[in-house]
Amino acid sequence: MGATRHRITILDTGEVYTCPDSVSVLKAMAQLGRKGIPSGCHGGGCGVCKVQVVSGEIETLTMSRTHVSEEEERAGFALACRCYPGSDVSLKVVGKMQKAVKRPYGFV
Amino acid sequence: MGVMRIGHINIRVLDMDAALHHYGKVLGLEKTDMDPAGNAYLKGWDEWDKYSVMLTPADRAGMNHIAYKVENDSDLDTLGKRIRDYGIDVEEVGAGELPYCGRSIRFWLPSGHLMYLYAEKEFIGKTVGTTNPDPWPDSIQGAGVHWLDHALLMCELDPEKGVNKVAEVTHFMQQVLDFKLTEQVMVGPDGDVQAATWLARTSTPHDIAFVGGPVMGLHHCAFFLDEWTDVLKAADVLAKNKVKIDVTPQRHGITRGTTSYFFDPSGNRNETFAGLGYLAQPDMPVITWTEENLGSGIFYHTGELNEAFTEVYTEGA
């Protein structure tokens, strides 16, 4: 296979994993069983996998403007499910799930 | 008389080509039209009206509106009056403004979702026709879903601030649109907070459902399949097409449906839902799930909610 592999570093946890340039940063993490970036819809719609790229090059597919504004996109914010690495990348996790312990009413 | 069934859902998509591949080739809906604004219209092979899914290109995912079909044109006047009397503004919409439909009425549900009611939509017919039909057409693609079955809308729920849009919208659906409450989840210290509801106008367990969450939204829209083996095969089709599966095939305690959940290429959640569940009749007693059995109600086998299932969803307006 001709895919080029890059090193992804999740700065919050120190997690480091390899991601081919043809696979999204989120999917590569999930397929390796790694943790750190919340995994949601994998389609750029729900926003839980929001990250800020601190260093390195990424290419992104369309992301819901609800979760990443044009200004944020210029500042390096992105949804990890729509990010494909063009070099080694370091990122911080911005998105989150609510903690299950905060659910006194079943769903909330 | 009154509301017959779910008519269509209008979903926003970030990439129309990817969406058409998903809803067309993977789910097996048939594309019936594209309009000059770029909206796509699709129907299941077992549906007869022109579309049950309207896809709108947009820069954010989610739902624009949901529409239900009423039996008679006069129902629009009767229900319009009842909705106004309940205290909700109703807008009269001219024929054709809701695409390929006759006149309609439009209003915001207490949960903040936009709903249309209409009586007429352009007729196309089932793919197998009405004279000596085959049980299914040879043109089926992918999962070959039959029809749009229901939608689940997320409603704001924050009991400590006195907010329960699930209870508000459920009351409206029962009192004004004559939906039958089939099942509910009751939570909280005294078990008196209605946190999720399933309601029907047909004889199936639900034509719409509401679940409480931090913000309102679209949780999923569901497509009907005959049986369990079809759900399993549909999941194979999803995996072949690298669709992000949220929940692999299993059974709901609530509705008894066999199910699988997954996301469209824009992150809107879909479900394939199979089986009758049970015959929902007006005199059937309401089924109640208590908080400690919530997990079994949603996912009967594991008895546990997965985190993404309750926390990941797209916008509802």
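Note: the structure precedes this text.
Quick notes on the rules
- Residues numbered from 1 in each chain as written.
- Chains lettered and ligands numbered in written order.
- Predicted model: local features only at pLDDT ≥ 70, side-chain atom pairs only at ≥ 80, totals over all residues.
- Heavy atoms only, no water.
- Contact = heavy atoms within 4.5 Å.
- Buried area = accessible area lost by both parts, 1.4 Å probe.
- Salt bridge = Lys/Arg side-chain N within 4 Å of Asp/Glu carboxyl O.
- Polar contact = N/O pair within 3.5 Å; in protein donor to acceptor, adjacent residues only side chain to side chain.
- Nonpolar A, V, L, I, M, F, W, Y, C, P; charged D, E, K, R; others polar.
- Pairing = 2+ DSSP bridges.
- Helix = DSSP H or I, 4+ residues; strand = E, 2+ residues; numbered from the N terminus.
- Axes fitted to C-alpha atoms, helices over the stretch in contact; angles between N-to-C directions.
- Phe/Tyr/Trp six-rings, centres within 6.5 Å; stacked < 30°, edge-to-face > 60°.
- Buried < 20%, exposed > 50% of the residue type's maximum accessible area, 1.4 Å probe, protein only.
- Lys NZ or Arg CZ within 6 Å of the ring centre and 35° of its normal.

Asks: Which parts of the structure should I look at to understand the interface of chain A and chain B?
Replies: Note: interface size is frequently given as the accessible area lost on complex formation between the parts. Chain A puts 24 residues into the contact, and the matching count from chain B is 36 residues. Where chain A abuts chain B, roughly 2,300 Å² becomes buried across the two surfaces, and 63% of that area is made up of carbon and sulfur atoms. Counting across the interface, chain A meets chain B through zero salt bridges. Across the contact surface, chain A and chain B share five residue pairs in polar contact (both at pLDDT 80 or more). Split into classes, the residues belonging to the side of chain A that touches chain B amount to nine nonpolar, 11 polar and four charged.

Asks: Please clarify how the sheet that holds strand E1 (residues 5-10) of chain A should be interpreted in this entry.
Replies: Either a parallel or an antiparallel arrangement is found when strands of a sheet pair, and the pairing is made through backbone hydrogen bonds. Residue and element names in this part refer to chain A. In space, the five strands of this open sheet follow the order E2-E1-E7-E3-E5, with mixed pairing throughout. The open sheet has two edge strands with one neighbour each: strand E2 (15-20) and strand E5 (77-79). The mean angle between the axes of side-by-side strands here comes to 40°, regardless of whether they run parallel or antiparallel. In this structure, E1 lies alongside E2, joined through six bridges in antiparallel fashion. Bridge assignment links Ile 10 to a residue of E2, and that residue is Glu 15.

Asks: Honestly, the packing of aromatic side chains in this entry has me stumped. Any pointers?
Replies: Two descriptors summarise a pair of aromatic rings, namely the distance from one centre to the other and the angle between the planes of the rings. All names here are of chain B. All chains considered together, the criterion is met by 10 aromatic pairs over all chains. Consider the rings of Trp 147 and Phe 224, whose centres lie 4.4 Å apart with planes at 5°: the pair is stacked. On the criterion of sequence distance, the pair formed by Trp 147 in the loop between strand E8 (114-118) and strand E9 (148-158) and Phe 224 in strand E14 (residues 217-225) is long-range, its members being 77 residues apart. Accessibility expressed as a relative area gives 11% for Phe 224, which makes it buried. Put simply, the rings of Tyr 41, Tyr 51 and Tyr 100 pair up and form one aromatic cluster. Across from the ring centre of Tyr 100, 4.0 Å away, lies the NZ or CZ of Lys 50, which sits over that ring. The ring of Tyr 51 carries the charged tip of Lys 121 above its face, separated from the ring centre by 3.9 Å.

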